[in-house]
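# Geometric and topological summary
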Amino acid sequence: AQSVTQLDSQVPVFEEAPVELRCNYSSSVSVYLFWYVQYPNQGLQLLLKYLSGSTLVKGINGFEAEFNKSQTSFHLRKPSVHISDTAEYFCAVSDHGIDAGGTSYGKLTFGQGTILTVHP
Amino acid sequence: DTGVSQDPRHKITKRGQNVTFRCDPISEHNRLYWYRQTLGQGPEFLTYFQNEAQLEKSRLLSDRFSAERPKGSFSTLEIQRTEQGDSAMYLCASSLGQLSNQPQHFGDGTRLSIL
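Figured I'd write up the structure that's included with this text. (Residues numbered from 1 in each chain as written. Chains lettered and ligands numbered in written order. Predicted model: local features only at pLDDT ≥ 70, side-chain atom pairs only at ≥ 80, totals over all residues. Heavy atoms only, no water.)

### Things to note about the state of the cysteines
Residue and element names in this part refer to chain B.
- One pass over the full model with this rule turns up two disulfides over all chains.
- In this model Cys23 forms its disulfide with Cys92; the gap between the sulfur atoms is 1.9 Å. Handedness here is read from the sign of the S-S torsion; for Cys23 and Cys92, about -65°, the answer is left-handed. Here Cys23, found in strand S3 (residues 19–24), pairs with Cys92, found in strand S9 (residues 88–95); they are 69 residues apart in sequence, far enough to count as distant. Exposure class is identical for Cys23 and Cys92. Each is buried. (Disulfide = S-S within 2.5 Å. Helix = DSSP H or I, 4+ residues; strand = E, 2+ residues; numbered from the N terminus. Buried < 20%, exposed > 50% of the residue type's maximum accessible area, 1.4 Å probe, protein only.)

### Examining the nonpolar core
- Residues Leu33(A), Trp35(A), Leu47(A), Leu48(A), Phe74(A), Leu76(A) and Tyr89(A) are the most contacted members of the largest nonpolar core, which totals 27 residues.
- Per-element accounting of this core gives the leading share, four residues, to strand S10 (residues 87–94) of chain A.
- With sequence-adjacent residues up to four places away left out, Tyr89(A) is seen in contact with Gln6(A), Leu21(A), Trp35(A), Tyr36(A), Val37(A), Leu47(A), Phe63(A), Leu76(A), Gly113(A), Thr114(A) and Leu116(A).
- Counting 19 residues, the second largest nonpolar core, distinct from the first, contains Cys23(B), Leu46(B), Ala67(B) and Ile79(B). (Core = buried A, V, L, I, M, F, W, Y, C linked by side-chain atoms within 4.5 Å. Contact = heavy atoms within 4.5 Å.)

### Re the pairing of strand S4 (residues 23–26) of chain A
Residue and element names in this part refer to chain A.
- Burial along S4 is one-sided: the residues Cys23 and Tyr25 are buried and none of Asn24 and Ser26 is.
- With four bridges joining them, strand S1 (residues 3–6) and S4 adopt antiparallel strand pairing. Within S4, the residue paired with Gln6 across the bridge is Cys23. (Pairing = 2+ DSSP bridges.)

### A few points about the sheet that holds strand S1 (residues 5–7) of chain B
Residues and elements named next belong to chain B.
- Ordered by their spatial adjacency, four strands build an open sheet running S1-S3-S8-S7, and the pairing between neighbours is antiparallel. Of all the strands in the sheet, just S1 and strand S7 (65–68) have a single pairing partner and so form its edges. Neighbouring strand axes in the sheet, compared pairwise and without regard to direction, differ in orientation by 15° on average.
- In this sheet, strand S8 (residues 75–79) lies alongside S3 in antiparallel orientation, the contact comprising five bridges. Note that in S8 the partner of Phe21 across the bridge is Leu77. (Axes fitted to C-alpha atoms, helices over the stretch in contact; angles between N-to-C directions.)

Here you go:
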């Protein structure tokens, strides 16, 4: 079984300051990693994903994340945040579970979420 | 790309009643997932369809829950004899392809409140 731990439940930060949201995962196999953002009363929007290759991945809205296999981490960063970045952020891993049809079905296991609050 | 659509957005019902939610995935997506999100938690996987076949169900999906995707397009999730613990946001997601690395696109969810 896989698990995801987001180390901070809430992160307050001032506008234009840098931010890092931390994510650690546990898995006995290779994983795919994702960061999603959720605004109030809305679904999840994909920010970025790590599948393979370069360990630094860039996403939408100026976010980036670095995959560190030895530390089993996938921390999300942004050099300068805006008020509009206030939201809840979820780290997720893709399960390599095999479905009844013999295909890898990609169940996502999510962390508990980090609420980012950007103050003016 | 009109996105994943879920209906209704909110549902308030009394304990013991049955409820049904609908999800319309992105039109060409063959995979469809249901998740449940309780307050202060990340979403938890419930079930998964590839086309019309339901290929995986979580242990979270008790006998009171049933999901269908009759023609491989829209899906419904029904909860019978609702309980207080069923109060949550129910999220639907869809993706395209055969591999687990394809990103899932989420709808805005149905928020269920049990009185």
